[in-house]
Each structure stands twice: as C-alpha cells, then as structure tokens.
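# Summary of the model geometry
Each chain, written out:
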Amino acid sequence: MRSLLAVLVAIPSLALAQLKDVEKVSVTSRPVAGNVHMLVGAGGNIGVSVGPDGLLIVDDQFEPLAPKIHKALDKLSKAKIAYVLNTHWHGDHTGGNAVFGREGRIVAHREVRTRLVVGQDRGDRGVVPPAKKEALPVITYDTGMSLYFNGEEIRLTHLPAGHTDGDTLVHFTGSNVMHTGDQFFVDAFPFIDVNSGGSVEGYVRNVEKLLQTLPADVKIIPGHGPLTDRAGLERFVAALRESVALVRTRREAGKTLEQVKAEGVPEHLKSFGEGYIKTDVWLETVYRGLEKGAAKATDGK
C-alpha cells in the first residue's frame, strides 16, 4: 500500500509520468454545448470557447503538448487565443502557460499567480521552480470576475480552500457549461494539495455548495475524467460525504490511521479508489485532514 508521502512525491512529477512518450499522447476534442468544446490529452481537461471573438481556453496541460493542443484548436478555429483561464496552479493545468501566455492574456485567482511566481520547495520531494514571466497571469481577482466573450458571460468564481487555495469554477453561462478544475474528479477520490493551502473539509464543503447551486441541465467539464453532468457530481459528493464520515467516526472511536486504512471502505466505494488516488491514500488524506482540523479547534479555544 502506498503512503501519502509517496503520492505527494509523485504529484509534482506527474508531468514526467504522463509524458514519458509525448509522441504517443493524442489530444482530441469533442463538442460540449453552445460555444464550448473540451480537449483531452495528458493532464487536466481543457475547456475551449469558440466564436467570433476568437478562442478562449481553460487550462493548458503541459508545455511539450502545446503543438498538439494548437493543432486540435486549429481544427475548431484558426482564430487566435485571446484568453487563457487557469483553474488553479498545478503544472498539469498551467504547464502550457509559457506558450499560450505569449498569445493570450492569462487570467487566474491571485494565489495562482503568487504560487507560480514563487514556485515551491518540497524538500526531498523536489522543487517546483518559479514560472517564466510569460507563464504568469496578467489579470487576477480575489473573489471572482466575469468575461464577456463569444456572446456570453463567462463567470469565474473563486472557491475557499479545497483542492488548493486558488481554485476557480468557470461557468459559461450561455452555453450552460461548468469547468470545475480539480474540485471534481469523476468517479474517483480526489487529490487534495495541503501544501498549497488545500483542505479536506473545505473541499467537501465546496462540492456540496456546487451541487446546491448547479444550474439545471448543465454540462460539466471536470478537472480529470470524462464529460459529465449533475448525476456524476452527485455520485462524487455522496462518495466524499460517506468516506469522510466513515473516517471521522473511526477516528473519534480512537482508531489509529493504520486501523482505519486496514478496514478500508464499503464495497460500493472501492471503485473510487481505482484511480490515481488509491483508497489507502484517500483515507490517510482524510484522517490527517481531520486531525489537523481538530488541532486547530483546540488551539482556538
């Protein structure tokens, strides 16, 4: 069984794992609704707005894939990229910024720019170097903003600490499409980057609120996984609620982390642990997160 440390070591190097052979990576597109298309390659899913104002993309995967992403975009439109929106700072979503930032204006939450400027020293887990100037957002916001592009409002909403501290939901209001970034992994346990301000309980609160406010009949582009809808998000939220409650109950009963991991999850949740984040890693993430929350509550008394 992999430890949480092993996964956190691997996450910053995910680009290397996914791009061992760039030539074998295929970047494909599919229509979603209205002006919006979805590109799938290696890394986070890319949202694309296509129309008379040009192209707008949400996230841009890895720099070595830029030529393939360009080729896929050219099949949709020969227009130039006007804007690049980043849902958060991780390299599998911002790695192409250095290329696409020369073409369009990069827009992101303030913490995304801050983390890209500084980089991150993860000790024996490696260093994420500061981003190049052209890879940095030039337009930032705190709580959110709107762009009016290709005939619709594109609404950017910052979420409280969840996956990281700089997560954004992107809602194409006219097309009725939502790009969630890594605040949603389809039918899989999520990665929560506590080193980047992420929070287990915050993550759950964010997806619960999203579910409550989700527009009717919306199409959802998740950070990872296939195009989905409300039903997909409902399954995800239910799995998080149940697994977090399970860990909380066991922890409050005095069980150790190893005991919690050994007991695992109910049969109907096991498939959620077959993705990149395995069940034991998710249980440890939740256990550590609840432990940290309890320590903060005690300190605040």
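Relevant structure appears above.
Computed from a predicted structure; not experimentally measured.

### Describing unusual backbone geometry
Comment: phi is negative for the bulk of residues other than glycine, and the bulk of peptide bonds are trans. The backbone phi angle of N150 is positive, close to 50°, even though this residue is not glycine. Along the chain, N150 turns up in the loop between β10 (144–149) and β11 (152–158). Positive phi, close to 60°, is recorded for N176, a residue that is not glycine. Among the secondary structure elements, N176 is positioned in the loop between β12 (168–172) and β13 (177–179). The class for N176 is buried, based on a relative accessible area of 18%.

### Some points on helix α8 (residues 230–252)
Helix length check: α8, at 23 residues, gives a terminal C-alpha distance of 33 Å against a target of 33 Å (1.5 Å per residue), a fit within 8%. Taken as a whole, α8 has its buried residues at G232, L233, F236, V237, A239, L240, S243, V244, L246, V247 and R250. The N-terminus of α8 is capped by D229, whose side-chain oxygen sits 3.2 Å from the backbone nitrogen of A231. Downstream of α8 by a residue or two, G254 has a phi angle that is positive, lying close to 90°.

### Here's the deal with the sheet that holds strand β2 (residues 36–40)
Within the open sheet, the seven strands sit side by side as β1-β2-β3-β4-β5-β6-β9. Their pairing is mixed. Looking along the sheet, the strands with just one partner apiece sit at the ends: β1 (28–33) and β9 (139–141). With direction set aside, neighbouring strand axes in the sheet form an average angle of 20°. Sheet topology note: the strand β4 (residues 54–58)/strand β5 (residues 81–85) ladder contains four bridges and is parallel. Bridging from a neighbouring strand, L55 pairs with I81 of β5. Relative to β2, helix α3 (residues 66–76) is tilted by about 155°, and along the sheet it contacts β1, β2, β3 (46–51), β4 and β5. Helix α6 (residues 110–118) contacts β6 (105–109) and β9 of the sheet and is inclined by roughly 105° relative to β6.

The rules behind these values
Residues numbered from 1 in each chain as written. Predicted model: local features only at pLDDT ≥ 70, side-chain atom pairs only at ≥ 80, totals over all residues. Heavy atoms only, no water. Helix = DSSP H or I, 4+ residues; strand = E, 2+ residues; numbered from the N terminus. Buried < 20%, exposed > 50% of the residue type's maximum accessible area, 1.4 Å probe, protein only. Expected span 1.5 Å × (residues − 1). Polar contact = N/O pair within 3.5 Å; in protein donor to acceptor, adjacent residues only side chain to side chain. Pairing = 2+ DSSP bridges. Axes fitted to C-alpha atoms, helices over the stretch in contact; angles between N-to-C directions. Contact = heavy atoms within 4.5 Å.

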